[in-house]
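Survey of secondary and tertiary structure
Listed here are the chains, written in short residue letters.
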Amino acid sequence: MRDKIRIASGQGFWGDLLTAPVDQVTKGPVDYMMMDYLAEVTMSIMQKQKMKDPSLGYAKDLLPLMQSILPVIVQKNIRVITNGGGVNPEGCRDAIFKLATKLGIRGLRIGVVIGDNILDRLDELSSKNIDLKNMESGESLSAVRNRIVSANVYFGARPIVEALRQGAHIVITGRTTDTALTYAPMIHEFGWKWDDWDKLATGVVAGHILECGGQATGGNFSADWKSVPDLAHIGFPIAEARNDGSIVITKHENTGGLVSVATVSEQLLYEIGDPTCYITPECIADFTTIRLEQAGTNRVLLSGVKGRPATEFYKVSMSYADGYTAVGTLTYAWPDALEKAKAADAILRTRLGDLGLRFDEIRTEFVGLNSCHGPIASIPAVVNEVVLRVGVRSRDRAAVERFGQEIAPLILTGPPAVTGFAGGRPKPSDVIAYWPALIPKSAVQPRVVVTEAP
Amino acid sequence: MKIELIAIAHGRSGDKGDTGNVGIIARKPEYYPILRRYVTAEAVKKHFAGICLGTVERFELPNLCALNFLLHETLGGGGTVSLKNDAQGKTLSSALLRMEIEVSEPVQL
């Protein structure tokens with residue numbers, strides 16, 4: 001049994017820096033690499049892709065990435081854990097197996113975690129009186145049942161640990177808590193017990209620090225962003241975990257970025273609710289017990305974390321179709337930039353009204369002045385230029401499409417000194433609304449399948 | 001004396017549905033009691049008038065010299081429903097750091 005492992009963060013979201021995972025496995029020693037691809041609405045996008053082509057429905061970025069890192073991770077025996085399987089972990093596995101064959105790599109073992117996708121089980125669950133009511137509003141699922149696009153259970157570390165036990169070099173999951181991708185290898189390597197709440201909670205906290213990639217190592221750092229060296233070559237975080245439950249957050253040497261108590265603290269506060277009650281499938285972590293101390297250059301020691309038993313529920317993430325939106329922008333220049341943008345907005349609204357179009361919301365913002373801070377922002381006396389940004393939302397796709405046709409005419413039929421219409425007419429986008437719920441753990445079972453390359 | 005929060009704190013914000021989460025951290029441990037005393041849920045609700053349409057909850061993390069706020073009904077519906085440029089509340093923390101507080105005790109800046 002090793003007494004120390006290094007777990008690298010490779011991706012913090014689908015669309016993250018593509019060089020980061022390559023750097024993580026080539027610029028220094030690591031034993032595991034986790035990659036998070038799934039935001040709340042990502043599954044619905046993948047579900048649509050799979051409906052068009054049953055072989056898709058996973059993070060396609062994984063393939064060119066695997067093409068470049070497979071030889072390295074096999075040679076160095078670095079194990080990769082990712083939730084990039086989306087709604088089709090098996091399809092993702094098969095595509096990676098094909099790549100491995102092409103690269104002449106033999107004996108590759110890939111584990112998939114499935115069973116999280118309950119889209120086909122919603123009626124069965126409902127017949128068992130499991131109403132996946134909205135955990136925020138309390139509404140019954142029946143309100144949106146016929147518009148549900150995706151439905152996935154957040155599994156934790158258990159099935160990942162099982163896949164690692166069966167010798168998987170790569171573990172591909174569907175919906176999994178982001179944090180599990182980081183603490184599963186600690187449980188696997190150190191044999192932590194499932195009721196060792198404090199150690200599990202420490203792993204969870206490390207997972208929360210790693211799950212957003214560079215956001216823990218100096219990216220998006222508000223305390224003193226100018227002090228962060230070489231953001232162009234930012235090193236993503238690495239958790240150096242020891243058997244005794246102490247964890248050091250660090251990054252590779254000779255990379256940019258910064259690991260300090262301040263950078264790590266900012267990430268700890270990102271997207272949390274009640275800090276005493278950070279719920280995961282395996283335990284509840286108390287973020288008010290976390291102790292951080294600088295333990296060398298770009299090294300922060302994490303200790304003291306207390307945990308307590310998990311709940312009887314898994315969280316379920318569902319999405320449903322809820323109409324359409326479109327956003328149009330135009331740029332107005334001095335003189336009277338803001339007055340002209342406001343006048344254009346009024347003309348646009350009058351024309352939309354004359355057409356009898358119905359929208360659930362029309363929202364106007366002035367980018368450069370108040371789109372971020374709203375009424376908190378003060379407006380300068382002279383505005384050199386401003387972007388008028390108008391968004392609409394409606395169940396009526398035709399109304400949203402027609403709105404898109406009303407933007408460009410403002411250039412020749414509205415106030416002067418206007419530009420910035422290069423992208424063509426704004427197109428309607430699908431609104432995918434989010435429906436969070438809870439499900440008794442007894443109602444769903446993760447399944448683990450580990451396969452060796454054919 | 002009047003202090004703009006950015007002088008004594010830094011922070012980060014994000015989203016959970018239509019709720020914005022704003023975490024702020026004291027730049028020095030001695031600033032934490034100031035944050036705790038003056039940056040109340042009520043003060044934050046008032047600061048975000050017209051932006052936060054729901055309630056504001058405050059949680060304390062003395063171990064990190066930090067406060068975490070939940071701003072309900074703040075993101076125009078949240079996610080892909082929202083028409084806001086900042087639909088995910090990424091800039092809410094900097095908006096909070098603009099807040100001015102009037103403190104009665106001496107503060108070494």
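Residues numbered from 1 in each chain as written. Chains lettered and ligands numbered in written order. Predicted model: local features only at pLDDT ≥ 70, side-chain atom pairs only at ≥ 80, totals over all residues.

Here we look at the overall build of chain B
A tally of helices and strands in chain B yields 3 helices and 6 strands. Reading chain B from its N end, one meets helices and strands in the order β-β-β-α-α-β-β-α-β. Over its C-alpha atoms chain B spans a radius of gyration of 14 Å, differing by no more than 12% from the 13 Å that the globule rule assigns to 109 residues. Each principal axis of the C-alpha atoms in chain B carries an extent, and together these give about 45 × 25 × 20 Å. Taking all 109 residues of chain B together, the buried fraction comes to 52%. (Helix = DSSP H or I, 4+ residues; strand = E, 2+ residues; numbered from the N terminus. Rg over C-alpha atoms; globule rule 2.2 N^0.38 Å. Buried ≥ 20, exposed ≤ 12 C-beta atoms within 10 Å, placed from the backbone.)

Notes on the overall build of chain A
Helix and strand counts for chain A stand at 12 helices and 19 strands. Rg of the C-alpha trace for chain A: 25 Å, near the compact-globule value of 22 Å for 454 residues, within the 12% margin. Oriented by its inertia axes, the alpha-carbon framework of chain A measures out at about 75 × 55 × 50 Å. Among the 454 residues that make up chain A, the fraction classed as buried is 49%.

As for the sheet that holds strand β2 (residues 32-35) of chain A
Residues and elements named next belong to chain A. Read from one edge to the other, the open sheet built from 10 strands follows the order β11-β12-β8-β7-β1-β2-β3-β6-β4-β19, with strand pairing classed as mixed. Only two strands of the sheet have a single partner each, and these edge strands are β11 (291-294) and β19 (447-452). Ignoring strand direction, the axes of neighbouring strands in this sheet form an average angle of 20 degrees. Inspection of the sheet shows β11 paired to strand β12 (residues 300-303) by 4 bridges, in the antiparallel sense. Along β12, the bridge assignment pairs R291 with S303. Its contacts with the sheet place helix α9 (residues 261-268) against β8 (247-250), β11 and β12, and it is angled at close to 155 degrees to β11. (Pairing = 2+ DSSP bridges. Axes fitted to C-alpha atoms, helices over the stretch in contact; angles between N-to-C directions. Contact = placed C-beta atoms within 7 Å.)

Regarding the packing of helix α7 (residues 180-190) of chain A against helix α8 (residues 197-210) of chain A
Residue and element names in this part refer to chain A. Interhelical geometry of α7 versus α8 gives an angle of 140 degrees and a closest axis separation of 7 Å. Taken as axis vectors, α7 and α8 run oblique relative to one another. For α7 against α8, the interelement crossing comes out right-handed. Between α7 and α8, the residues in contact are A180, L181, T182, Y183 and M186 and L200, G203, V204, A206, G207 and L210, respectively. (Parallel < 35°, antiparallel > 145°, perpendicular 65-115°, else oblique. Left-handed = near helix turned anticlockwise from the far one by under 90°.)

A few points about the interface of chain A and chain B
A common way to report how large an interface is uses the accessible area buried once the components associate. Contact with chain A, which involves 41 residues of that partner, is made by 34 residues of chain B. Those elements giving two or more residues to the side of chain A that touches chain B turn out to be α9, β14 (313-333), β15 (361-367), β16 (385-394) and β18 (429-440) of chain A. Looking at side-chain class alone, the side of chain A that touches chain B contains 19 nonpolar, 10 polar and 12 charged residues. (Nonpolar A, V, L, I, M, F, W, Y, C, P; charged D, E, K, R; others polar.)

What about helix α11 (residues 397-405) of chain A?
Residue and element names in this part refer to chain A. Inspection of α11 places A399, V400 and F403 among the buried residues, and these make up the whole buried set. All buried residues of α11 lie within an arc of 100 degrees about the axis, which places them on one face of the element. Turned more than 90 degrees away from the buried face of α11, the exposed residues are A398 and Q405. (Arc of directions from axis to C-beta.)

Describing the domain arrangement of chain A
Annotation of chain A at the domain level lists domain 1 (4-116 + 154-311) and domain 2 (322-433). Each of domain 1 of chain A and domain 2 of chain A has a C-alpha centre, and the two are 40 Å apart. (Domains from an automatic or database assignment.)

Here we look at unusual backbone geometry
All names here are of chain A. In this model, W334 is joined to P335 through a cis peptide bond whose omega is 5 degrees. The residue P335 is located in the loop between β14 and α10 (337-354) in this model. Even without glycine at this site, N129 takes up a positive phi of about 65 degrees. Despite not being glycine, D230 shows a phi value in the positive range, around 45 degrees. Note that D230 resides in the loop between α8 and β7 (238-242).

Section: the nonpolar core
Residue and element names in this part refer to chain A. Core analysis: the biggest nonpolar cluster contains 143 residues, and I160, A184 and I249 have the highest contact counts within it. Beyond its immediate sequence surroundings of up to four residues, I249 is in contact with I209, A216, P237, A239, V259, V264, V300 and L302. If you look at the next biggest cluster of nonpolar residues, it comprises 14 residues, including Y332, A341, F366 and L388. (Core = buried A, V, L, I, M, F, W, Y, C linked by C-beta atoms within 7 Å.)

Looking at the sheet that holds strand β9 (residues 278-279) of chain A
Residues and elements named next belong to chain A. Across the sheet, which stays open at both edges, the 3 strands sit in the order β9-β10-β13 with antiparallel pairing between neighbours. If you trace the sheet from one side to the other, it starts and ends with β9 and β13 (306-309), each paired once. Two strands pair when backbone bridges link them, and strand β10 (residues 283-286) and β13 are joined in this way by 4 bridges, in the antiparallel orientation. Bridging across to β13, D286 finds its partner in K306.

Thoughts on the environment of V450 of chain A
Residue and element names in this part refer to chain A. As for its position among the elements, V450 is in strand β19. Classification of V450 as partly exposed rests on a count of 19 C-beta atoms within 10 Å. Expressed as a C-alpha distance, the spacing of V450 and V204, which sit 246 residues apart in the sequence, is 25 Å. Ignoring any residue separated from it by four or fewer positions in sequence, one finds V450 in contact with R109, G111, A163, Q166, G167 and A168.

Some remarks on helix α2 (residues 42-52) of chain A
Those residues of α2 of chain A that fall on the buried side of the exposure criterion are T42, M43, S44, I45, M46 and Q47 of chain A. Of the surrounding secondary structure, the elements contacted by the buried residues of α2 of chain A are β5 (148-153), β14 and β18 of chain A.

Some details on the packing of helix α3 (residues 62-76) of chain A against helix α4 (residues 89-102) of chain A
Between two packed helices, the angle of one axis relative to the other and the distance separating the axes together describe the packing. All names here are of chain A. Look at α3 against α4: their axes get within 10 Å of each other, and the N-to-C directions meet at 40 degrees. Taken as a pair, α3 and α4 cross one another with a handedness that is right-handed. On α4, the residues that touch L62, L63, M66, Q67 and L70 of α3 are C92, A95, I96, L99 and A100. Residue classes in the contact of α3 with α4 are distributed as 9 nonpolar, 1 polar and no charged.

Describing the confidence of the model for chain B
For chain B, the mean per-residue pLDDT works out to 97, and 100% of the residues sit at or above 70. Prediction confidence for the complex, expressed as pTM and ipTM, is 0.97 and 0.98 respectively. (pLDDT = per-residue confidence, 0-100.)

A word on the pairing of strand β6 (residues 170-173) of chain A
All names here are of chain A. Side chains of β6 alternate between two faces, with I170 and I172 and V171 and T173 buried alike. In this sheet, β6 lies alongside strand β3 (residues 79-82) in parallel orientation, the contact comprising 3 bridges. Residue pairing in the sheet places V80 in a bridge with I170 of β6. With 4 bridges connecting them, strand β4 (residues 109-114) and β6 associate as parallel partners. Considered in β6, the bridge of V113 is made with T173.

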